[in-house]
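Here is what each chain is made of, one letter per residue.
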Amino acid sequence: MKNIDTALVNRKVEQAAETAALTENKREVLLECMACTDYTTLKETDSPHSVTAFTNHAVELTGQGLPPVASICVYPSLVDAVGVALTGIPAGSPAENIGITAVCGAFPSGQTYMEVKMLECAMAIENGADEIDAVINVGAMLSGDYDLAESELAMIREEIDGDAVLKVILETGSLADPELIYRASMLAMEAGADFIKTSTGKTPISATPAAAVVMCRAIRDFERSCSRRVGIKVAGGIRTPQEAVLYRTIVAQELGEEWLTPSLFRIGASRLVDALAPRLLSETV
Ligand SMILES: O=C[C@H](O)COP(=O)(O)O
């Protein structure tokens, strides 16, 4: 078990906060945060009609000169509605690059049969999902049954094969212990995750800067030992441009500027775009 120096993690967060404060009003930084956002709607009230309007809004923002978000993130049953809303985008439009993320595997609890989880992933992909966000077996992690947690993720990886990007949600607020967050990060990457993601956004504690630092350290160690780059997605409770810039700064500080691309860094958020877009459109930054 890796020993995590919590005092060092806290110093890293403070250091990132100081750097972030210098860049949080820079237009190019905010544009980059927008391009790395998985624009998310995960509400019990969502419907084909509401996610169509949600998707159209993201597309319209590109027409006003803002970058396309990385993906639209929805429940699996709404993937096809997003797909329909995205078809018909003229070739060459920046909005063409918007992907579709489906939260799968009995999101957010993950508490169902493996067969159901795998079927849900397969159906989401069949309906047009490019990316799957699936939660780790948090109960298994907390009970010390790490082999079970890893083998379940490996089964999901095998099910989706190379047909979609796999983001594994660690639910860091529930794992709480930094050493357990590090271990969960490592086993998710060993099971084949393309990204590790902090949280579902459905628990009392979601993304925290300290958890992001620990995950970045695991990503760095994993790359050193396995020569594979894994992305990080921070998600849950991120509403303001300042928060987004803090996470971006943590990623740059811990992993390097080369991680600041949608293929290695995502911000999962339902409200961030509504805060970023007016500022960027009013050109006050
Ligand atoms: O996966 C993304 C999260 O559910 C988004 O959480 P949020 O609604 O707090 O932004």
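Now for a look at the structure at hand.

The rules behind each value
Residues numbered from 1 in each chain as written. Predicted model: local features only at pLDDT ≥ 70, side-chain atom pairs only at ≥ 80, totals over all residues. Near = placed C-beta within 6 Å. Nonpolar A, V, L, I, M, F, W, Y, C, P; charged D, E, K, R; others polar. Buried ≥ 20, exposed ≤ 12 C-beta atoms within 10 Å, placed from the backbone. Helix = DSSP H or I, 4+ residues; strand = E, 2+ residues; numbered from the N terminus. Contact = placed C-beta atoms within 7 Å. Core = buried A, V, L, I, M, F, W, Y, C linked by C-beta atoms within 7 Å. Pairing = 2+ DSSP bridges. Right-handed = clockwise from strand over helix to strand, strands pointing away.

**Some remarks on the site of the ligand**
The environment of the ligand is formed by 13 residues, the closest being Gly201, Ala235, Gly268, Ala269 and Ser270. In the shell around the ligand, the residues fall into 5 nonpolar, 7 polar and 1 charged.

**Side note on helix α2 (residues 27-35)**
Since there are 3.6 residues in each turn of an α-helix, residues three or four apart along the chain are aligned in direction. For α2, every residue scored as buried is listed here: Val29, Leu30, Cys33, Met34 and Ala35. Buried residues belonging to α2 abut α1 (6-23), β1 (37-40), α11 (241-255), β8 (265-269) and α12 (272-282).

**Points about the nonpolar core**
Ile136 and Ala188 are the most contacted members of the largest nonpolar core, which totals 97 residues. The biggest single contributor to this core is helix α10 (residues 209-226), with 9 residues. The residues touching Ala188, leaving out its near neighbours within four places in the chain, are Ile136, Leu153, Val168, Leu170, Ala193 and Ile196.

**Details of the pairing of β1**
Side-chain alternation along β1 places Thr37 and Tyr39 on one buried face and Asp38 and Thr40 on a second face that is also buried. Pairing analysis gives 3 bridges linking β1 to β8, with the strands arranged parallel. Residue pairing across strands places Tyr39 opposite Ala269, the latter belonging to β8. Summarising the sheet, β1 and strand β2 (residues 71-74) pair through 3 bridges and their orientation is parallel. Along β2, the bridge assignment pairs Asp38 with Ser71. Note on the crossover from β1 through helix α3 (residues 48-63) to β2: the handedness is right-handed.

**Let's talk about unusual backbone geometry**
Glycine aside, the phi torsion of most residues is negative, and most peptide linkages are trans. Cis geometry marks the peptide bond from Phe107 to Pro108, where omega comes out at 0°. Looking at where Pro108 falls in the secondary structure, it is placed in the loop between β3 (99-104) and α5 (114-126). One non-glycine residue, Ala176, adopts positive backbone phi at about 60°. Mapped onto the fold, Ala176 is located in the loop between α8 (172-175) and α9 (178-190).

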